[in-house]
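Given next are the chains, with one letter for each unit.
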Amino acid sequence: MQKHFKVVIIGAGAGGISLAAKLSRSLPEGSIALIDPAEHHYYQPLWSIVGAGLADMKDTQKNNKDLIPQGVVWIKNAVKEILPHENKLLISDEAIQYDYLVVAPGLRLCWDKIEGLGDNLGKNGICSVYQADQVNLAREMITNFKKGNALFVMPPVPIKCAGAPQKIMYLAENVFRNNKVRDKITISWATAGKAMFGIPTFSKPLQELVTQKNIKTYFQHKIIGVDPLKKLAHFEVTDNEGQVTKQSLPYDLLHLVPPMAAPKFIEDSELSFQEGDQKGWLAVDKHTLQHVNFKNIFGLGDVTGIPNSKTGAAVRKQYPVVALNLLAMIDGTPLAAQYDGYSSCPLITEIGKVMLAEFGYDGKLMPTFPLAPDVPRRSMWYLKKDLLPILYWKVMLKGRG
Ligand SMILES: Cc1cc2nc3c(=O)[nH]c(=O)nc-3n(C[C@H](O)[C@H](O)[C@H](O)COP(=O)(O)OP(=O)(O)OC[C@H]3O[C@@H](n4cnc5c(N)ncnc54)[C@H](O)[C@@H]3O)c2cc1C
């Protein structure tokens, strides 16, 4: 096996494949390696819709072998460790040498931080649309739920797609209404945050929405554990003076979203921020996406320690920046491309309606369309459900935008 590449990309997800496709048009065949152990690639933004029974899981999945661009070498393995002083990384017992490295392995779902969960995910009323093998189970539990307490949980940010924990709640509420069981179900939203969304433009209409839909809200409630036998979810509750107490909420159906972190081989390495808000995440400059200490390393996607919102939409804006800056480095010219923090969260407020939240660093609104962004619209539902998946597979993963 070839052991030295001009560019090595870790992770064949949304970021890794798009970047490999774009770079492969500028660099010679065989000079780029993409490392990922996974057989399949997933379009995760559809998982909430699958969870509500409105799309098929198979439409979110393709084989990596069919997506990895021609001329790019796929190393089907997991990276164990990066040795940045030696321009080298370790997979199994082998070392791969790189001139330039792009780190794009996504993030880690920290199920182990939910005490008492054990192997109860996907059974006993506990579900999640955040993991590929759980989405269809969540769909079954939500569509078959008839009565009792349905509790939806939002952990502390950063998480990927911070809107998804409430999207699945609004969809479930609609499913319960369609199934004529809504009046037998109490829906509750328990979030570690202080509001329905981090940006007031969107949190205000969302607050009105939960009131109108008769959804109980619990703010500053951080999920810490579950008791699957007693069907209780345990929270750490922080009041406005910073006092911390504990509270348990009952559930019959629990949609769980765990805290998230960078993959261990990044979090535990000198490549991560060692302190501050972004502690543990990949230490890159928030505009150039270049590593702050190792100039031949770039970061892309969910793994990056930048104050944006972690989404595929953010990746769509980041990968051209990484491509241009990496090629500039190879040419010995200054890094001119800058990422502005753009992210987008198509907030599904009911079946058939989406409020398209688009924003950059510091919560700056960045709407694509000349329309009031805080209004749920049918047109945006079709954009989210039908058009964006096509653009993802046919344009973004081809490195064309
Ligand atoms: C339920 C849900 C709803 C979402 N909704 C939206 C939405 O509406 N809009 C939106 O824009 N985004 C949404 N997202 C977020 C979006 O899917 C992610 O932000 C995006 O996929 C991040 O891309 P990435 O390339 O950083 O990581 P990923 O696409 O997750 O890919 C990471 C890849 O790295 C690989 N990898 C991991 N560890 C290693 C290793 N050690 N060695 C080699 N390879 C490794 C993995 O196998 C994987 O293939 C949603 C996500 C979820 C879960």
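The structure displayed is predicted, hence computed values, not measured ones.

### Notes on the packing of helix α1 (residues 14–23) against helix α8 (residues 312–331)
The relative placement of two packed helices is expressed as an angle between their axes plus a distance between the axes. Where α1 contacts α8, the axes come no closer than 9 Å and their chain directions differ by 35°. Crossing handedness for the pair α1 and α8: right-handed. For the pair α1 and α8, contact is made by Ala-14, Gly-15, Ser-18, Leu-19, Lys-22 and Leu-23 and by Gly-312, Val-315, Gln-318, Tyr-319, Pro-320, Val-322 and Ala-323, respectively. Its residues assigned to classes, the contact of α1 with α8 shows 8 nonpolar, 4 polar and 1 charged.

### A closer look at the nonpolar core
Grouped together as the largest cluster of nonpolar side chains are 119 residues, with contacts concentrated most on Val-7, Val-8, Ile-9, Ala-20, Val-102 and Val-322. Each of domain 1 (4–107 + 262–341 + 394–398) and domain 2 (110–260) gives at least three residues to this core. Residues in contact with Val-8, not counting those within four places in the same chain, are Ala-33, Ile-35, Leu-89, Ile-96, Tyr-98 and Leu-101.

### With respect to helix α5 (residues 164–178)
The first and last C-alpha atoms of α5 sit 21 Å apart over 15 residues, in line with the 21 Å expected at 1.5 Å per residue. Taking burial as the measure, the 15 residues of α5 include 13 buried ones, the bulk of the element. Lys-180 occupies a position one or two residues after α5 and carries a positive phi of about 60°.

### Considerations on the domain arrangement of the chain
According to the domain assignment, the chain contains domain 1 (4–107 + 262–341 + 394–398) and domain 2 (110–260). The distance between the C-alpha centroids of domain 1 and domain 2 comes to 30 Å. Across the contact, 14 residues belong to domain 1 and 19 residues belong to domain 2. Of the residues assigned to the side of domain 1 that touches domain 2, the class counts are 7 nonpolar, 5 polar and 2 charged.

### Points about the site of the ligand
Around the ligand, 36 residues are found, and the nearest of them are Gly-11, Gly-13, Gln-44, Gly-106 and Gly-301. Residue classes in the shell around the ligand are distributed as 21 nonpolar, 11 polar and 4 charged. Taken domain by domain, the makeup of the shell around the ligand includes at least three residues from each of domain 1 (4–107 + 262–341 + 394–398) and domain 2 (110–260).

### A word on the sheet that holds strand β17 (residues 253–255)
The parallel open sheet is built from 5 strands, whose spatial order is β10-β17-β11-β12-β13. A single partner strand is all that each edge strand has here, and the edge strands are β10 (126–127) and β13 (215–218). As defined by bridge partners, strand β12 (residues 185–191) adjoins β13 across 4 bridges and the pair is classed as parallel. What sits directly across from Ile-187, in β13, is Ile-215.

### Concerning the pairing of strand β21 (residues 353–359)
Counting buried positions over the 7 residues of β21 gives 5, a clear majority of the element. Turn length for the strand β20 (residues 343–350)-β21 hairpin, with the two strands adjacent in sequence and antiparallel, is 2 residues, and the turn residue Gly-352 shows positive phi of about 95°.

### A look at unusual backbone geometry
In this model, Val-157 is joined to Pro-158 through a cis peptide bond whose omega is 5°. Tracing the backbone shows Pro-158 in the loop between β11 (148–154) and α5. If you check the backbone angles, Asn-87 has positive phi at about 50° while not being a glycine. Within the fold, Asn-87 resides in the loop between β6 (79–83) and β7 (88–91). A positive phi angle is found at Gln-220, which is not glycine, with a value near 50°. With respect to the secondary-structure elements, Gln-220 resides in the loop between β13 and β14 (221–227). The partly exposed category is assigned to Gln-220, around which 16 C-beta atoms lie within 10 Å.

Rules behind the numbers
Residues numbered from 1 in each chain as written. Predicted model: local features only at pLDDT ≥ 70, side-chain atom pairs only at ≥ 80, totals over all residues. Axes fitted to C-alpha atoms, helices over the stretch in contact; angles between N-to-C directions. Helix = DSSP H or I, 4+ residues; strand = E, 2+ residues; numbered from the N terminus. Left-handed = near helix turned anticlockwise from the far one by under 90°. Contact = placed C-beta atoms within 7 Å. Nonpolar A, V, L, I, M, F, W, Y, C, P; charged D, E, K, R; others polar. Core = buried A, V, L, I, M, F, W, Y, C linked by C-beta atoms within 7 Å. Buried ≥ 20, exposed ≤ 12 C-beta atoms within 10 Å, placed from the backbone. Domains from an automatic or database assignment. Expected span 1.5 Å × (residues − 1). Near = placed C-beta within 6 Å. Pairing = 2+ DSSP bridges.

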